[in-house]
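# Architecture at a glance
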Amino acid sequence: MIVVVDYGMGNLHSVTQALKKIGAEPVVSDDPTLLAQATAIVLPGVGAFGDAMNNLREQGWIEPLKAAANSGKPFLGICLGMQLLGDTSEEHATPEEGDHAGLGIIPGKVVRFTHELKIPHMGWNELVWADPQQPLVQGIEEGHVYFVHSYHFVATEQTDVLATCDYGHPVTAMIGRGTVYGMQFHPEKSGDLGKQLLERFVALSAEIKF
Amino acid sequence: MLAKRIIPCLDVKDGRVVKGVNFVNLRDAGDPVELAEIYDREGADELVFLDISASHEGRETMVDVVRKTAGEISIPFTVGGGIRTVEDMKRMLRAGADKIGINTAAVVNPQLVADGSRWFGAQCIVVAIDGRWNAQWNDWEVYTHGGRTPTGIHVVQWAQEVERLGAGELLLTSMDADGTKDGFDIAMTAAVSKVTGIPVIASGGAGKKEHFADVFTQAGADAGLAATIFHYKEISIAEVKADARAKGVPIR
(Lines give C-alpha, C1' and ligand atoms only; values in the text may rest on other atoms or scores of the structure.)
Protein backbone atom coordinates (compact mmCIF):
# COMPACT_ATOMS: atom_id res chain seq x y z
CA MET A 1 0.00 0.00 0.00
CA ILE A 2 1.42 3.34 -1.10
CA VAL A 3 0.22 6.08 1.19
CA VAL A 4 -0.23 9.49 -0.43
CA VAL A 5 0.04 12.02 2.37
CA ASP A 6 -2.97 14.35 2.49
CA TYR A 7 -2.02 17.31 4.65
CA GLY A 8 -4.10 19.95 2.91
CA MET A 9 -1.51 21.21 0.42
CA GLY A 10 -2.69 21.12 -3.16
CA ASN A 11 -4.45 18.62 -5.33
CA LEU A 12 -3.71 14.94 -4.84
CA HIS A 13 -6.03 13.75 -7.58
CA SER A 14 -3.50 13.80 -10.42
CA VAL A 15 -0.70 12.01 -8.60
CA THR A 16 -3.12 9.40 -7.28
CA GLN A 17 -4.53 8.81 -10.76
CA ALA A 18 -1.02 8.56 -12.20
CA LEU A 19 -0.07 5.93 -9.60
CA LYS A 20 -3.26 3.96 -10.33
CA LYS A 21 -2.55 4.06 -14.05
CA ILE A 22 0.79 2.32 -13.57
CA GLY A 23 -0.84 -0.41 -11.51
CA ALA A 24 0.03 0.81 -8.02
CA GLU A 25 -2.56 0.97 -5.26
CA PRO A 26 -2.32 4.42 -3.71
CA VAL A 27 -4.30 5.27 -0.60
CA VAL A 28 -4.82 8.96 0.06
CA SER A 29 -4.77 9.46 3.80
CA ASP A 30 -4.90 12.23 6.37
CA ASP A 31 -4.10 9.72 9.14
CA PRO A 32 -0.40 9.65 10.17
CA THR A 33 -0.83 6.33 11.99
CA LEU A 34 -1.38 4.66 8.61
CA LEU A 35 2.30 5.22 7.73
CA ALA A 36 3.24 2.24 9.88
CA GLN A 37 1.44 -0.06 7.42
CA ALA A 38 2.60 1.70 4.27
CA THR A 39 4.97 -0.08 1.88
CA ALA A 40 5.89 3.29 0.39
CA ILE A 41 5.09 6.94 1.02
CA VAL A 42 4.44 9.73 -1.45
CA LEU A 43 4.57 13.28 -0.13
CA PRO A 44 3.16 15.66 -2.75
CA GLY A 45 2.64 19.34 -2.24
CA VAL A 46 1.97 22.65 -3.88
CA GLY A 47 2.05 25.94 -2.04
CA ALA A 48 4.23 27.67 0.50
CA PHE A 49 6.91 25.87 2.53
CA GLY A 50 5.99 27.42 5.89
CA ASP A 51 2.28 26.61 5.48
CA ALA A 52 3.17 23.05 4.54
CA MET A 53 5.36 22.54 7.60
CA ASN A 54 2.68 24.08 9.82
CA ASN A 55 0.07 21.70 8.41
CA LEU A 56 2.37 18.71 8.87
CA ARG A 57 3.04 19.76 12.44
CA GLU A 58 -0.58 20.45 13.36
CA GLN A 59 -1.77 17.19 11.84
CA GLY A 60 0.90 15.14 13.58
CA TRP A 61 2.84 14.05 10.49
CA ILE A 62 6.36 15.17 11.28
CA GLU A 63 7.60 12.45 13.59
CA PRO A 64 5.87 9.57 11.74
CA LEU A 65 7.32 10.81 8.41
CA LYS A 66 10.83 11.09 9.83
CA ALA A 67 10.55 7.70 11.48
CA ALA A 68 9.33 6.09 8.25
CA ALA A 69 12.13 7.67 6.21
CA ASN A 70 14.77 6.67 8.76
CA SER A 71 13.46 3.10 8.89
CA GLY A 72 14.27 2.68 5.22
CA LYS A 73 10.73 2.85 3.93
CA PRO A 74 10.61 3.98 0.28
CA PHE A 75 9.67 7.64 0.27
CA LEU A 76 9.08 10.04 -2.61
CA GLY A 77 8.68 13.77 -2.15
CA ILE A 78 7.25 15.61 -5.16
CA CYS A 79 7.73 19.33 -5.88
CA LEU A 80 7.19 21.09 -2.53
CA GLY A 81 7.25 17.58 -1.03
CA MET A 82 10.86 17.25 -2.16
CA GLN A 83 11.80 20.64 -0.75
CA LEU A 84 10.30 19.66 2.62
CA LEU A 85 12.92 16.89 2.87
CA GLY A 86 15.61 19.55 3.34
CA ASP A 87 16.81 21.33 6.48
CA THR A 88 15.61 24.87 5.84
CA SER A 89 13.80 27.12 3.38
CA GLU A 90 14.04 30.85 2.93
CA GLU A 91 10.57 30.99 1.33
CA HIS A 92 8.60 33.80 3.06
CA ALA A 93 11.22 33.76 5.83
CA THR A 94 10.98 36.69 8.26
CA PRO A 95 13.90 38.55 9.81
CA GLU A 96 12.51 37.73 13.27
CA GLU A 97 12.01 34.02 12.81
CA GLY A 98 14.62 33.31 10.16
CA ASP A 99 14.29 30.44 7.67
CA HIS A 100 11.61 27.79 8.04
CA ALA A 101 12.81 24.42 9.29
CA GLY A 102 12.13 21.41 7.08
CA LEU A 103 11.98 17.69 7.83
CA GLY A 104 15.77 17.43 7.71
CA ILE A 105 15.78 14.03 6.01
CA ILE A 106 18.14 14.94 3.16
CA PRO A 107 20.65 17.67 4.08
CA GLY A 108 20.14 20.82 2.08
CA LYS A 109 18.54 24.23 1.97
CA VAL A 110 15.80 25.66 -0.22
CA VAL A 111 16.64 29.05 -1.70
CA ARG A 112 15.02 31.47 -4.11
CA PHE A 113 16.25 31.81 -7.68
CA THR A 114 18.38 34.93 -7.78
CA HIS A 115 19.11 35.15 -11.50
CA GLU A 116 17.38 37.40 -14.03
CA LEU A 117 15.36 34.61 -15.65
CA LYS A 118 11.61 34.45 -15.24
CA ILE A 119 10.22 33.15 -11.97
CA PRO A 120 8.50 30.72 -11.47
CA HIS A 121 10.69 28.29 -13.39
CA MET A 122 7.62 27.03 -15.22
CA GLY A 123 7.47 24.53 -18.02
CA TRP A 124 9.37 21.64 -19.57
CA ASN A 125 13.07 21.38 -18.85
CA GLU A 126 15.55 18.65 -19.67
CA LEU A 127 16.85 16.26 -17.04
CA VAL A 128 20.53 15.36 -16.86
CA TRP A 129 21.39 12.31 -14.74
CA ALA A 130 24.21 12.74 -12.23
CA ASP A 131 24.87 9.01 -12.50
CA PRO A 132 23.11 7.07 -15.26
CA GLN A 133 23.69 3.85 -13.30
CA GLN A 134 21.72 5.05 -10.29
CA PRO A 135 18.88 2.52 -9.81
CA LEU A 136 16.07 5.12 -10.00
CA VAL A 137 17.16 6.29 -13.47
CA GLN A 138 19.17 3.38 -14.86
CA GLY A 139 18.11 2.57 -18.42
CA ILE A 140 15.74 5.54 -18.60
CA GLU A 141 16.51 8.09 -21.27
CA GLU A 142 17.07 11.71 -20.23
CA GLY A 143 14.35 14.08 -21.44
CA HIS A 144 11.95 16.87 -20.58
CA VAL A 145 9.76 16.97 -17.48
CA TYR A 146 7.39 19.62 -16.15
CA PHE A 147 8.61 22.05 -13.47
CA VAL A 148 6.78 24.77 -11.56
CA HIS A 149 8.73 26.35 -8.72
CA SER A 150 10.25 29.61 -7.51
CA TYR A 151 12.64 28.13 -4.95
CA HIS A 152 15.18 25.41 -5.51
CA PHE A 153 16.97 22.79 -3.47
CA VAL A 154 20.70 23.15 -2.78
CA ALA A 155 21.97 19.82 -1.46
CA THR A 156 24.71 19.83 1.15
CA GLU A 157 26.16 16.64 -0.33
CA GLN A 158 26.51 16.54 -4.10
CA THR A 159 26.17 12.76 -3.93
CA ASP A 160 22.52 13.21 -2.93
CA VAL A 161 21.77 14.91 -6.27
CA LEU A 162 20.46 12.40 -8.82
CA ALA A 163 19.51 14.77 -11.65
CA THR A 164 19.75 18.40 -12.58
CA CYS A 165 18.31 20.68 -15.23
CA ASP A 166 19.68 23.94 -16.58
CA TYR A 167 17.86 27.13 -15.61
CA GLY A 168 20.49 29.85 -15.50
CA HIS A 169 22.62 27.37 -13.57
CA PRO A 170 22.28 23.68 -12.73
CA VAL A 171 19.10 23.24 -10.70
CA THR A 172 18.50 20.21 -8.47
CA ALA A 173 15.79 18.19 -10.18
CA MET A 174 16.03 14.88 -8.29
CA ILE A 175 17.58 13.93 -4.99
CA GLY A 176 18.03 10.59 -3.29
CA ARG A 177 19.57 9.21 -0.16
CA GLY A 178 19.01 5.60 0.80
CA THR A 179 15.38 4.85 0.03
CA VAL A 180 14.26 8.48 0.18
CA TYR A 181 13.82 10.30 -3.12
CA GLY A 182 12.68 13.70 -4.24
CA MET A 183 11.51 15.05 -7.59
CA GLN A 184 11.30 18.82 -8.01
CA PHE A 185 9.21 18.40 -11.18
CA HIS A 186 5.76 16.83 -11.37
CA PRO A 187 6.18 13.26 -12.63
CA GLU A 188 2.39 12.98 -12.84
CA LYS A 189 2.36 15.88 -15.31
CA SER A 190 5.47 14.92 -17.24
CA GLY A 191 4.27 12.65 -20.01
CA ASP A 192 6.03 9.34 -20.65
CA LEU A 193 9.25 10.19 -18.84
CA GLY A 194 7.35 11.13 -15.69
CA LYS A 195 5.45 7.87 -15.93
CA GLN A 196 8.66 5.85 -16.30
CA LEU A 197 10.19 7.49 -13.23
CA LEU A 198 7.08 6.85 -11.13
CA GLU A 199 7.03 3.26 -12.34
CA ARG A 200 10.65 2.85 -11.36
CA PHE A 201 9.99 4.26 -7.88
CA VAL A 202 7.09 1.83 -7.44
CA ALA A 203 9.19 -1.07 -8.75
CA LEU A 204 12.11 -0.23 -6.44
CA SER A 205 9.69 0.09 -3.53
CA ALA A 206 8.36 -3.40 -4.17
CA GLU A 207 11.91 -4.82 -3.90
CA ILE A 208 12.82 -3.09 -0.66
CA LYS A 209 12.52 -4.99 2.58
CA PHE A 210 12.41 -2.92 5.73
CA MET B 1 17.21 24.66 -21.09
CA LEU B 2 13.59 25.53 -20.50
CA ALA B 3 11.49 24.63 -23.54
CA LYS B 4 9.03 27.01 -25.16
CA ARG B 5 5.51 25.62 -24.82
CA ILE B 6 2.84 24.95 -27.42
CA ILE B 7 -0.62 25.14 -25.89
CA PRO B 8 -3.93 24.27 -27.55
CA CYS B 9 -6.92 26.05 -26.05
CA LEU B 10 -10.30 24.37 -25.79
CA ASP B 11 -13.33 26.61 -25.40
CA VAL B 12 -15.94 24.59 -23.54
CA LYS B 13 -19.64 25.35 -23.27
CA ASP B 14 -21.92 23.07 -21.25
CA GLY B 15 -19.36 20.30 -21.43
CA ARG B 16 -18.71 20.48 -25.19
CA VAL B 17 -15.81 22.05 -27.08
CA VAL B 18 -16.59 25.07 -29.21
CA LYS B 19 -14.45 27.78 -30.73
CA GLY B 20 -15.43 31.33 -31.35
CA VAL B 21 -13.92 33.10 -34.31
CA ASN B 22 -13.49 36.67 -33.12
CA PHE B 23 -15.49 35.59 -30.10
CA VAL B 24 -18.70 34.88 -32.07
CA ASN B 25 -20.02 32.17 -34.47
CA LEU B 26 -19.48 29.16 -32.26
CA ARG B 27 -18.86 25.78 -33.89
CA ASP B 28 -18.96 22.41 -32.13
CA ALA B 29 -15.79 20.35 -32.24
CA GLY B 30 -16.37 17.55 -29.76
CA ASP B 31 -15.73 16.04 -26.40
CA PRO B 32 -13.21 17.99 -24.29
CA VAL B 33 -11.77 14.96 -22.48
CA GLU B 34 -11.19 13.10 -25.73
CA LEU B 35 -9.64 16.14 -27.40
CA ALA B 36 -7.40 16.68 -24.38
CA GLU B 37 -6.11 13.11 -24.64
CA ILE B 38 -5.46 13.55 -28.36
CA TYR B 39 -3.48 16.75 -27.75
CA ASP B 40 -1.50 15.05 -24.99
CA ARG B 41 -0.55 12.26 -27.40
CA GLU B 42 0.27 14.74 -30.17
CA GLY B 43 2.84 16.50 -28.00
CA ALA B 44 0.98 19.50 -26.57
CA ASP B 45 2.99 20.84 -23.65
CA GLU B 46 -0.02 22.06 -21.75
CA LEU B 47 -3.73 22.70 -22.27
CA VAL B 48 -6.07 25.55 -21.50
CA PHE B 49 -9.79 25.04 -20.97
CA LEU B 50 -11.86 28.16 -21.23
CA ASP B 51 -15.36 27.64 -19.84
CA ILE B 52 -17.80 29.90 -21.65
CA SER B 53 -20.94 28.38 -20.15
CA ALA B 54 -23.42 31.04 -19.18
CA SER B 55 -25.45 28.95 -16.77
CA HIS B 56 -24.81 27.55 -13.34
CA GLU B 57 -25.44 24.02 -14.69
CA GLY B 58 -22.89 24.56 -17.43
CA ARG B 59 -20.24 25.54 -14.92
CA GLU B 60 -21.07 22.50 -12.78
CA THR B 61 -20.49 20.36 -15.88
CA MET B 62 -17.05 21.95 -16.20
CA VAL B 63 -16.01 20.58 -12.82
CA ASP B 64 -16.76 17.09 -14.17
CA VAL B 65 -14.81 17.79 -17.35
CA VAL B 66 -11.83 18.89 -15.24
CA ARG B 67 -12.02 15.81 -13.03
CA LYS B 68 -12.20 13.42 -15.98
CA THR B 69 -9.44 15.20 -17.86
CA ALA B 70 -7.09 15.19 -14.87
CA GLY B 71 -7.45 11.43 -14.66
CA GLU B 72 -6.65 10.90 -18.32
CA ILE B 73 -3.84 13.22 -19.35
CA SER B 74 -0.22 13.47 -18.26
CA ILE B 75 0.40 17.15 -18.97
CA PRO B 76 -0.66 20.20 -16.97
CA PHE B 77 -3.77 22.20 -17.73
CA THR B 78 -5.30 25.54 -16.86
CA VAL B 79 -9.00 26.23 -16.38
CA GLY B 80 -10.48 29.67 -16.87
CA GLY B 81 -13.86 31.27 -17.38
CA GLY B 82 -16.41 32.17 -14.74
CA ILE B 83 -13.93 32.03 -11.84
CA ARG B 84 -14.89 34.80 -9.43
CA THR B 85 -13.92 33.69 -5.95
CA VAL B 86 -11.21 31.81 -4.07
CA GLU B 87 -13.86 29.13 -3.53
CA ASP B 88 -14.31 28.77 -7.33
CA MET B 89 -10.54 28.37 -7.66
CA LYS B 90 -10.44 25.76 -4.94
CA ARG B 91 -13.14 23.64 -6.60
CA MET B 92 -11.28 23.55 -9.90
CA LEU B 93 -7.91 22.85 -8.28
CA ARG B 94 -9.45 20.09 -6.17
CA ALA B 95 -10.98 18.60 -9.30
CA GLY B 96 -7.48 18.36 -10.76
CA ALA B 97 -6.73 21.61 -12.59
CA ASP B 98 -3.11 22.75 -12.26
CA LYS B 99 -3.71 26.43 -12.76
CA ILE B 100 -6.62 28.83 -12.71
CA GLY B 101 -7.13 31.55 -15.29
CA ILE B 102 -8.87 34.75 -14.28
CA ASN B 103 -9.65 37.66 -16.55
CA THR B 104 -12.63 39.94 -15.88
CA ALA B 105 -12.72 38.96 -12.20
CA ALA B 106 -9.13 40.18 -11.76
CA VAL B 107 -10.04 43.61 -13.13
CA VAL B 108 -13.23 43.84 -11.07
CA ASN B 109 -11.52 42.59 -7.92
CA PRO B 110 -7.70 42.68 -8.07
CA GLN B 111 -7.58 41.33 -4.52
CA LEU B 112 -8.65 37.97 -6.01
CA VAL B 113 -5.21 37.68 -7.63
CA ALA B 114 -3.50 38.32 -4.31
CA ASP B 115 -5.80 35.98 -2.38
CA GLY B 116 -5.50 33.16 -4.93
CA SER B 117 -1.75 33.52 -4.97
CA ARG B 118 -1.54 33.47 -1.20
CA TRP B 119 -3.84 30.44 -0.84
CA PHE B 120 -2.68 28.28 -3.70
CA GLY B 121 0.71 29.70 -4.70
CA ALA B 122 1.59 32.09 -7.52
CA GLN B 123 2.17 29.16 -9.89
CA CYS B 124 -1.57 28.39 -9.84
CA ILE B 125 -2.69 31.88 -10.83
CA VAL B 126 -2.76 32.77 -14.51
CA VAL B 127 -4.09 36.23 -15.26
CA ALA B 128 -5.60 36.42 -18.72
CA ILE B 129 -5.44 39.82 -20.37
CA ASP B 130 -7.36 40.69 -23.52
CA GLY B 131 -5.68 43.67 -25.14
CA ARG B 132 -6.54 45.86 -28.11
CA TRP B 133 -4.67 48.77 -29.68
CA ASN B 134 -6.12 52.12 -28.71
CA ALA B 135 -5.12 54.60 -31.42
CA GLN B 136 -5.96 57.64 -29.29
CA TRP B 137 -3.70 56.47 -26.52
CA ASN B 138 -1.09 55.12 -28.87
CA ASP B 139 -1.02 52.15 -26.50
CA TRP B 140 -2.89 48.90 -25.79
CA GLU B 141 -6.04 48.84 -23.68
CA VAL B 142 -7.37 46.02 -21.49
CA TYR B 143 -10.83 44.65 -22.38
CA THR B 144 -13.02 42.44 -20.21
CA HIS B 145 -16.20 40.38 -20.54
CA GLY B 146 -14.96 38.36 -23.50
CA GLY B 147 -13.61 41.42 -25.24
CA ARG B 148 -16.80 43.49 -25.04
CA THR B 149 -15.88 46.02 -22.38
CA PRO B 150 -13.03 48.52 -22.60
CA THR B 151 -11.63 49.25 -19.15
CA GLY B 152 -9.49 52.34 -19.57
CA ILE B 153 -6.55 50.32 -18.23
CA HIS B 154 -3.24 50.10 -20.09
CA VAL B 155 -2.13 46.54 -20.90
CA VAL B 156 1.51 46.90 -19.90
CA GLN B 157 0.68 48.59 -16.59
CA TRP B 158 -1.96 45.99 -15.83
CA ALA B 159 0.51 43.18 -16.51
CA GLN B 160 2.96 44.72 -14.06
CA GLU B 161 0.22 45.27 -11.51
CA VAL B 162 -1.01 41.66 -11.54
CA GLU B 163 2.56 40.42 -11.29
CA ARG B 164 2.97 42.58 -8.20
CA LEU B 165 -0.28 41.15 -6.81
CA GLY B 166 1.01 37.62 -7.19
CA ALA B 167 0.12 36.26 -10.64
CA GLY B 168 2.41 33.42 -11.69
CA GLU B 169 1.82 33.70 -15.42
CA LEU B 170 0.12 35.89 -18.01
CA LEU B 171 -2.11 34.72 -20.84
CA LEU B 172 -1.99 37.65 -23.20
CA THR B 173 -4.57 37.67 -26.00
CA SER B 174 -4.44 40.22 -28.76
CA MET B 175 -7.97 41.08 -29.86
CA ASP B 176 -6.50 42.78 -32.92
CA ALA B 177 -4.75 39.60 -34.03
CA ASP B 178 -7.35 37.09 -32.84
CA GLY B 179 -9.09 35.35 -35.71
CA THR B 180 -6.90 36.95 -38.37
CA LYS B 181 -4.44 34.04 -38.74
CA ASP B 182 -1.83 36.68 -39.64
CA GLY B 183 0.39 35.82 -36.69
CA PHE B 184 0.66 36.72 -33.04
CA ASP B 185 0.79 40.34 -31.95
CA ILE B 186 4.57 40.64 -31.71
CA ALA B 187 4.61 44.25 -30.55
CA MET B 188 2.17 43.83 -27.67
CA THR B 189 3.67 40.52 -26.55
CA ALA B 190 7.18 41.97 -26.59
CA ALA B 191 6.07 45.06 -24.69
CA VAL B 192 4.61 42.91 -21.90
CA SER B 193 7.31 40.24 -21.86
CA LYS B 194 10.06 42.84 -21.61
CA VAL B 195 8.78 44.41 -18.41
CA THR B 196 7.47 41.39 -16.51
CA GLY B 197 9.39 38.71 -14.66
CA ILE B 198 6.76 35.98 -15.01
CA PRO B 199 6.09 33.74 -18.04
CA VAL B 200 3.94 35.11 -20.86
CA ILE B 201 1.67 32.97 -23.04
CA ALA B 202 0.97 34.68 -26.36
CA SER B 203 -2.49 34.12 -27.80
CA GLY B 204 -4.49 35.24 -30.83
CA GLY B 205 -3.54 35.26 -34.47
CA ALA B 206 -1.72 31.96 -35.04
CA GLY B 207 -2.38 30.79 -38.58
CA LYS B 208 0.87 29.22 -39.74
CA LYS B 209 3.44 27.03 -38.04
CA GLU B 210 6.06 29.80 -38.41
CA HIS B 211 4.03 32.16 -36.26
CA PHE B 212 5.03 30.28 -33.12
CA ALA B 213 8.79 30.52 -33.73
CA ASP B 214 8.24 34.23 -34.54
CA VAL B 215 6.59 35.02 -31.23
CA PHE B 216 9.27 33.09 -29.31
CA THR B 217 12.26 34.65 -31.02
CA GLN B 218 10.93 38.15 -31.73
CA ALA B 219 8.67 38.80 -28.74
CA GLY B 220 10.21 36.74 -25.96
CA ALA B 221 7.01 34.77 -25.33
CA ASP B 222 7.38 31.65 -23.18
CA ALA B 223 4.46 29.83 -24.76
CA GLY B 224 2.16 30.13 -27.77
CA LEU B 225 -1.52 29.33 -27.59
CA ALA B 226 -3.95 28.56 -30.40
CA ALA B 227 -7.33 26.93 -30.86
CA THR B 228 -8.87 26.84 -34.32
CA ILE B 229 -5.79 25.86 -36.29
CA PHE B 230 -5.23 22.86 -34.04
CA HIS B 231 -8.89 21.84 -33.73
CA TYR B 232 -9.45 21.79 -37.46
CA LYS B 233 -6.10 20.17 -38.11
CA GLU B 234 -4.90 23.03 -40.27
CA ILE B 235 -1.53 22.64 -38.54
CA SER B 236 -0.31 19.87 -36.26
CA ILE B 237 1.57 20.44 -33.02
CA ALA B 238 4.39 18.29 -34.43
CA GLU B 239 4.78 20.63 -37.42
CA VAL B 240 4.90 23.69 -35.17
CA LYS B 241 7.51 22.05 -32.98
CA ALA B 242 9.66 20.86 -35.87
CA ASP B 243 9.70 24.35 -37.37
CA ALA B 244 10.65 26.03 -34.08
CA ARG B 245 13.28 23.40 -33.30
CA ALA B 246 14.87 23.89 -36.72
CA LYS B 247 15.16 27.59 -35.88
CA GLY B 248 17.04 26.87 -32.67
CA VAL B 249 14.13 27.37 -30.28
CA PRO B 250 14.31 24.99 -27.29
CA ILE B 251 11.38 22.61 -27.67
CA ARG B 252 10.33 19.48 -25.81
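Residues numbered from 1 in each chain as written. Chains lettered and ligands numbered in written order. Predicted model: local features only at pLDDT ≥ 70, side-chain atom pairs only at ≥ 80, totals over all residues. Heavy atoms only, no water.

## Digging into the environment of Glu 72 of chain B
Assignment of secondary structure puts Glu 72 of chain B in helix α2 (residues 56–72). In the structure, Glu 72 of chain B is positioned 36 residues away from Ala 36 of chain B in sequence and 8.4 Å away in space, judged by C-alpha atoms. (Helix = DSSP H or I, 4+ residues; strand = E, 2+ residues; numbered from the N terminus.)

## Things to note about the pattern of salt bridges
Per the counting criterion, the structure on display carries 16 salt bridges over all chains. For Asp 160 of chain A, the salt bridge identified is with Arg 177 of chain A, shortest N-O distance 3.0 Å. One end of the pair, Asp 160 of chain A, is in the loop between β11 (151–155) and β12 (161–166); the other, Arg 177 of chain A, is in strand β13 (residues 170–177), with 17 residues separating them in the sequence. By relative accessible area, Asp 160 of chain A is classed as buried at 4%. The partner of Glu 234 of chain B in a salt bridge is Lys 181 of chain B, and the shortest N-O contact between them spans 2.6 Å. (Salt bridge = Lys/Arg side-chain N within 4 Å of Asp/Glu carboxyl O. Buried < 20%, exposed > 50% of the residue type's maximum accessible area, 1.4 Å probe, protein only.)

## So, the nonpolar core
Membership of the largest hydrophobic core comes to 77 residues, with the highest contact counts inside it found for Ile 102, Val 127 and Phe 212 of chain B. When residues in this core are grouped by element, the largest group, six residues, is from helix α6 (residues 155–165) of chain B. Formed by 38 residues, the second largest nonpolar core is a distinct cluster that contains Ile 119, Tyr 167, Leu 193 and Leu 204 of chain A. (Core = buried A, V, L, I, M, F, W, Y, C linked by side-chain atoms within 4.5 Å.)

## Quick word on the sheet that holds strand β5 (residues 88–94) of chain A
Residue and element names in this part refer to chain A. Strand order in the open sheet formed by four strands is β6-β5-β7-β11, with mixed pairing between adjacent strands. Looking at strand neighbours, the two that pair on one side only are β6 (98–101) and β11, the edges of this open sheet. Strand-to-strand, the axes of this sheet are offset by a mean angle of 40 degrees, without reference to chain direction. As paired strands, strand β7 (residues 108–112) and β11 are joined by five bridges and run antiparallel to one another. Paired with Val 111 across the two strands is His 152, which belongs to β11. Set on the sheet, helix α2 (residues 49–58) makes contact with β5, β6 and β7; between it and β6 the angle comes to about 45 degrees. (Pairing = 2+ DSSP bridges. Axes fitted to C-alpha atoms, helices over the stretch in contact; angles between N-to-C directions. Contact = heavy atoms within 4.5 Å.)

## Overview of the packing of helix α1 (residues 13–21) of chain A against α2 of chain B
The contact between α1 of chain A and α2 of chain B brings their axes to 8 Å, and the two run at 45 degrees. Between α1 of chain A and α2 of chain B, the interaxial angle falls into the category oblique. The hand of the α1 of chain A/α2 of chain B crossing is right-handed. On the side of α1 of chain A, the interface is formed by His 13, Ser 14, Gln 17 and Lys 21 of chain A, while α2 of chain B contributes Arg 67, Ala 70, Gly 71 and Glu 72 of chain B. Here the contact of α1 of chain A with α2 of chain B is built from residues that sort into one nonpolar, four polar and three charged. (Parallel < 35°, antiparallel > 145°, perpendicular 65-115°, else oblique. Left-handed = near helix turned anticlockwise from the far one by under 90°. Nonpolar A, V, L, I, M, F, W, Y, C, P; charged D, E, K, R; others polar.)

## Considerations on the pairing of strand β12 (residues 223–226) of chain B
All names here are of chain B. Where burial is concerned, the two faces of β12 agree: the one with Ala 223 and Leu 225 and the one with Gly 224 and Ala 226 are both buried. Bridge analysis of strand β1 (residues 5–13) against β12 gives four bridges, and the strand direction is parallel. Paired with Ile 7 across the bridge in β12 is Leu 225. Pairing between strand β11 (residues 200–203) and β12: three bridges, direction parallel.

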